[in-house]
Amino acid sequence: MSLLEPFRHALPVHQSLFHTAFYVTHAGWDPFQPGSLTDRGDGPLYRFDWNEGRILPDFCLALLTAGSGEFETRSYKGPLGPGDTFFYKAGEWHRHRPSPKSGWTILWLNFNGNDPIRWMKNQAFQVSQNKPIIKNQRLFHDQFEYLLECVHRDPTANSLNLSRQALGLISHFVKEPVGDNETGHSAIADEIVRTAIEYIWNFSHGIVDVPAVAEWVGIARRTLDRRFHAATGRSVLDEIQFCRVTRAVTLLEETDLGIKQIVHRAGFRSEEHLRRAFQSTYGKSPLAYRKQNFL
């Protein structure tokens, strides 16, 4: 961890954020030395007693970078060791504490919003016994540490950039349900192409381009383009664009978010890129599309 001092930051959440798709509420990291007291939480909302446990109104993702301890919910009880990640949902009873023999160093992030609530209802969080299923552990750890560095650098801000960073972290173990009619990937025989499509639909709200997809599946870009077109009849770039437009349509339909907010949450670089994509796909602007279809 590149940070030099422990911290616990309850981030300010403006009233306007309570109805947004995703926002961060609390974050920090703490080294508990051997023989130290049980992790007591921070502030009246997060503080808890081991004997009673705790229920929070937000979601929590935590990572042990050193030491060991234990974690328990109503349905799971087990040990935690270095490198273990654990997760609990809003409203889920839980308790956790470091081992008195080893202590632990723990990173955590609390978050909330319409998206995680929807993921919870749709069972989109990919976990096993409250432990997230994460394919790229190294990238996940690096992103977690960088996110906390950003929080600690300015704990009085709760910016859109911070939400996007946190959303990228959570994306490692969220699998949004995608209908077969949207991607057609269930009928694709090429496993590399299916993996590429899954990556695109899970990560394209962030900075994803064709080279990134090729690197994820582990083949050269030209080879991926050739296999992708043979399997689907379209290019990798077309799939990324289609995914983002589909996500933007959902946001236009299901929320009252402004175009600027939709731009970033759908994965577009600018309002102009979103406008061009809609013009190409539907022959009209996003606003015109919303007025015609959902107002």
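Residues numbered from 1 in each chain as written. Predicted model: local features only at pLDDT ≥ 70, side-chain atom pairs only at ≥ 80, totals over all residues. Heavy atoms only, no water.

S.K.: What is the right way to look at the overall build of the protein chain in this model?
M.R.: A count of helices and strands for the protein chain gives 12 helices and 10 strands. With 295 residues in all, the protein chain has 47% of them scored as buried. Contacts spanning at least 24 positions in sequence make up 68% of the contacts within the protein chain whose residues lie at least 6 apart. Total accessible area on the protein chain is roughly 15100 Å²; 50% of this is exposed by carbon and sulfur atoms. (Helix = DSSP H or I, 4+ residues; strand = E, 2+ residues; numbered from the N terminus. Buried < 20%, exposed > 50% of the residue type's maximum accessible area, 1.4 Å probe, protein only. Contact = heavy atoms within 4.5 Å. Areas by Shrake-Rupley, 256 points an atom, 1.4 Å probe, with all protein chains shown as cover.)

S.K.: Could you clarify how one ought to interpret the sheet that holds strand β2 (residues 23-32) in this entry?
M.R.: By definition, the strands of a sheet pair up through backbone hydrogen bonds, in either a parallel or an antiparallel sense. A sheet is described by the order of its strands in space; here 5 strands give the open sequence β1-β2-β8-β3-β6, paired in antiparallel fashion. On the outer flanks of this sheet lie β1 (7-10) and β6 (85-88), each paired with one strand and no other. Neighbouring strand axes in the sheet, compared pairwise and without regard to direction, differ in orientation by 15 degrees on average. Across 9 bridges, the pairing between β2 and strand β8 (residues 104-112) is antiparallel. By the bridge assignment, Pro-31 is partnered in β8 with Thr-105. This element, helix α3 (residues 137-153), spans β1, β2, β3 (59-67), β6 and β8 of the sheet and lies at about 75 degrees to β8. (Pairing = 2+ DSSP bridges. Axes fitted to C-alpha atoms, helices over the stretch in contact; angles between N-to-C directions.)

S.K.: Sorry if this is basic, but what is going on with the confidence of the model for the protein chain here?
M.R.: Detailed conclusions should not be drawn from predicted coordinates in areas where pLDDT is low. When the pLDDT values of the protein chain are averaged, the result is 83; 86% of them are 70 or greater. Here helix α5 (residues 180-183) is the element of the protein chain with the lowest mean pLDDT, 40, and β6 is the one with the highest, 95. In this model, residues 177-186 is a region of pLDDT below 50 whose contacts with residues beyond four sequence positions or in other chains number 15 contacts. (pLDDT = per-residue confidence, 0-100.)

S.K.: Would you explain the packing of aromatic side chains in this entry?
M.R.: For any pair of aromatic rings, geometry is given as the distance between the ring centres together with the angle between the planes. Summed over all chains, the structure comprises 17 aromatic pairs. With centroids separated by 5.5 Å and ring planes inclined at 10 degrees, the aromatic side chains of Phe-59 and Phe-111 adopt a geometry described as stacked. Of the two residues, Phe-59 is situated in strand β3 and Phe-111 in strand β8; the sequence distance between them amounts to 52 residues. Note on accessibility: Phe-59 and Phe-111 belong to one class, buried. Relative to Phe-86, the ring of Phe-71 has its centre 4.5 Å away and its plane inclined at 35 degrees; by these criteria the two rings are tilted. Of this pair, Phe-71 sits in strand β4 (residues 69-73) while Phe-86 sits in strand β6, and the two are 15 residues apart along the sequence. Across the pair, Phe-86 and Phe-71 agree in class, each one buried. Over the ring of Trp-93 we find Arg-74, and its NZ or CZ is 4.3 Å from the ring centre. Sitting over the face of the ring of Trp-50, Arg-97 holds its NZ or CZ atom 3.8 Å from the ring centroid. (Phe/Tyr/Trp six-rings, centres within 6.5 Å; stacked < 30°, edge-to-face > 60°. Lys NZ or Arg CZ within 6 Å of the ring centre and 35° of its normal.)

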